[in-house]
Amino acid sequence: MKAIDLRQVSFSYDGKTKILQNADFSAEYGEVTLLSGHSGEGKSTLMYIVSGIIPNVNYGELAGEVMIADEDINGKKLGYICRKVGVVLQNADEQIIQKIVEDEIAFGCENLAFPPDKIQKQIDIVCSLLKLDKSWKCRTLSGGQKQRLITASTLAMGQKIIILDEPLANLDKDGAAMLMGTLRSLAKAGYCVVVIEHRLDMVLPFVDVVWHIGDKTVKKVEDKAAYLRAQTAKIGDSCPIYAGGSPLFELKNVKFAVKDREILKDISLEIPKGGRTVFLGENGCGKTTLMRLIARLYKPTGGSITQYIDEKFRQKSRGSRAWFKKVGVVYQNPDYQLFMPTVEKEINFGAPSPEYAEHIAELFGIKHLWHRHPQSLSEGQKRRVSIAAVVACRPEVLLLDEPTVGQDYDGLCQMVEILNKLHEQTGNTMITITHDVRCAEALCDKAYLIASGTMQKSGGKELVREYFMS
């Protein structure tokens, strides 16, 4: 019996443009199945069909046969399908609704009417598996910790078919290996696990079957090794290595705490003007907090951050409108910064001219999305739009928190090439946080390794290789 069996499935959101056309796809119990492909080709759409989100929540024209656990789910309500299929969506913030980790994990179990003793047992099991503290507050978690939380919440419900949409997007290398090992163990225990993911180097060692989606259809990949080689080659760095110069930011003994939780303990480092700096470290080590302190979104609770951008900002500790014209911040979650009704208006919002906005849109390959609402895009497309909107403002400092999330290999290569090209043209100072070794190495002159709230080590590209290969 196949866990998932799609036969000649076609789907269109608007009744005109086909996202899938006569597509076949299947996944078995006891196996980890990978679904890969370019951004915007329909991976998430296929997942919505299997999980019943289409057509119960997201509407459109669906044709073909969708079999789940040997049963045709046509006409079945979402609540019925949810008892068979567990889903981890791309955007963690869209799934987290409770304040405490324990309550978040319990929520799904309660909806499935688990008895209290079983709920508590499930919470303890998944917290141990995914290294979560059940007393943690959800809003204070890092992006990677939130990703582990929504995965834990799904695993706790115990469905035998589990679909995960880019579960490694914000996870560090150890967290990614831990999660894939857990999914591999579940498959051995008889689960059907389907993973939608772009970080092929992290997932392929753990998967049994690979499907590639593109051109409105899905095809099985027979040669996994060749597929991996084609999708994971090292990305070139077109920029000459910056030798270093005067600092643009100088951090001395910087601390940051929220109530009794100490996030940064003692950070001292310099960000060179005109260079490309990368922050490395595990989920929850304080990288995003450090970036927000530099951006003046947060105020340090100890130590000092001196900026040499402009003397007029010297006396102020919080960002102003004039400050953010010079310091552009790309958030980890694109939804936090996309607010205009069309992509065109989003890119034009801070651009010096409509012509420059169009130039940036062409550069990022998003001009064809010009009249789309940003929130209607795929996560990968949202990411490109959010970066393009900030870049269009021509900031002197560009801070990038996980800029390549949601990008397939071609998109990743293009993103790095564009960022490096703009860096050369504008002479901006670039600060990047990423868990992708290919991206980190190609966007790096200077690297800092953050661990346990302190700066553990500094170096160049060799530190990136050392960190990811250790």
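Residues numbered from 1 in each chain as written. Predicted model: local features only at pLDDT ≥ 70, side-chain atom pairs only at ≥ 80, totals over all residues. Heavy atoms only, no water.

(A) Highlighting the overall build of the chain. Regarding its fold elements, the chain presents 17 helices and 19 strands. For 470 residues, the compact-globule formula gives about 23 Å, and the C-alpha radius of gyration of the chain, at 23 Å, lands near that figure. Expressed as lengths along the three principal axes of its C-alpha atoms, the size of the chain is roughly 70 × 50 × 40 Å. Across the chain, the fraction of contacts at a sequence separation of at least 24, relative to all contacts at a separation of at least 6, is 71%. When the accessible surface of the chain is summed, it comes to about 20000 Å², and 50% of that surface belongs to carbon and sulfur atoms. Averaging the locations of the 60 positively and 58 negatively charged side chains of the chain gives two centres separated by 4 Å. (Helix = DSSP H or I, 4+ residues; strand = E, 2+ residues; numbered from the N terminus. Rg over C-alpha atoms; globule rule 2.2 N^0.38 Å. Contact = heavy atoms within 4.5 Å. Areas by Shrake-Rupley, 256 points an atom, 1.4 Å probe, with all protein chains shown as cover. Lys, Arg positive; Asp, Glu negative; His and termini not counted. Charge placed at Lys NZ, Arg CZ, Asp CG, Glu CD.)

(B) Spatial organisation of the packing of aromatic side chains. Enumeration over the complete set of coordinates arrives at 7 aromatic pairs. Seen in terms of ring centroids, Phe256 and Tyr298 are 5.1 Å apart; in terms of plane orientation they differ by 5°. Their pairing is stacked. Taken together, the residues Phe256 in strand S11 (residues 247–258) and Tyr298 in the loop between helix H10 (287–294) and strand S14 (302–307) connect sequence positions 42 residues apart. Residue classification places Phe256 among the buried positions, given a relative accessible area of 10%. (Phe/Tyr/Trp six-rings, centres within 6.5 Å; stacked < 30°, edge-to-face > 60°. Buried < 20%, exposed > 50% of the residue type's maximum accessible area, 1.4 Å probe, protein only.)

(C) A look at the layout of surface pockets. What the second largest pocket holds in volume is close to 810 Å³. The wall of the second largest pocket is formed by 40 residues, among which Leu141, Ser142, Gly143, Lys146 and Gln332 lie closest to the centre. Among the elements of the structure, helix H6 (143–156), S11, strand S12 (261–272), H10 and helix H14 (379–391) are those that each provide at least two residues to the lining of the second largest pocket. The element that contributes the greatest number of residues to the lining of the second largest pocket is H6, accounting for 5 residues. (1 Å grid on protein atoms, 1.4 Å probe; cavity = no way out; pocket = protein on both sides within 12 Å on 5 of 7 lines; lining within 4 Å. Points joined across faces, edges and corners; volume = space filled by probe spheres on them.)

(D) Broad picture of the sheet that holds strand S5 (residues 71–72). Taken together, 4 strands build an open sheet; the order of strands is S2-S1-S4-S5 and the sheet is antiparallel. The open sheet has two edge strands, strand S2 (18–28) and S5, and neither has a second partner. Direction of pairing for strand S1 (residues 2–12) relative to S2: antiparallel, over a ladder of 7 bridges. If you follow Phe11 over to S2, its bridge partner there is Leu20. Against the sheet, helix H1 (residues 43–51) engages S1, S2 and strand S4 (61–68), with an angle of about 120° to S1. (Pairing = 2+ DSSP bridges. Axes fitted to C-alpha atoms, helices over the stretch in contact; angles between N-to-C directions.)

(E) Spatial organisation of a positive patch on the surface. Side chains of Lys99, Lys137, Arg139 and Lys259 sit close together on the surface and give a patch of like positive charge. Looking at where Arg139 falls in the secondary structure, it is placed in the loop between helix H5 (116–129) and H6. According to the relative accessible area criterion, Arg139 is exposed, its value standing at 65%. (Patch = residues over 30% accessible without salt bridge, like charges linked within 9 Å, V, L, I, M, F, W, Y side chains within 5 Å. Salt bridge = Lys/Arg side-chain N within 4 Å of Asp/Glu carboxyl O.)

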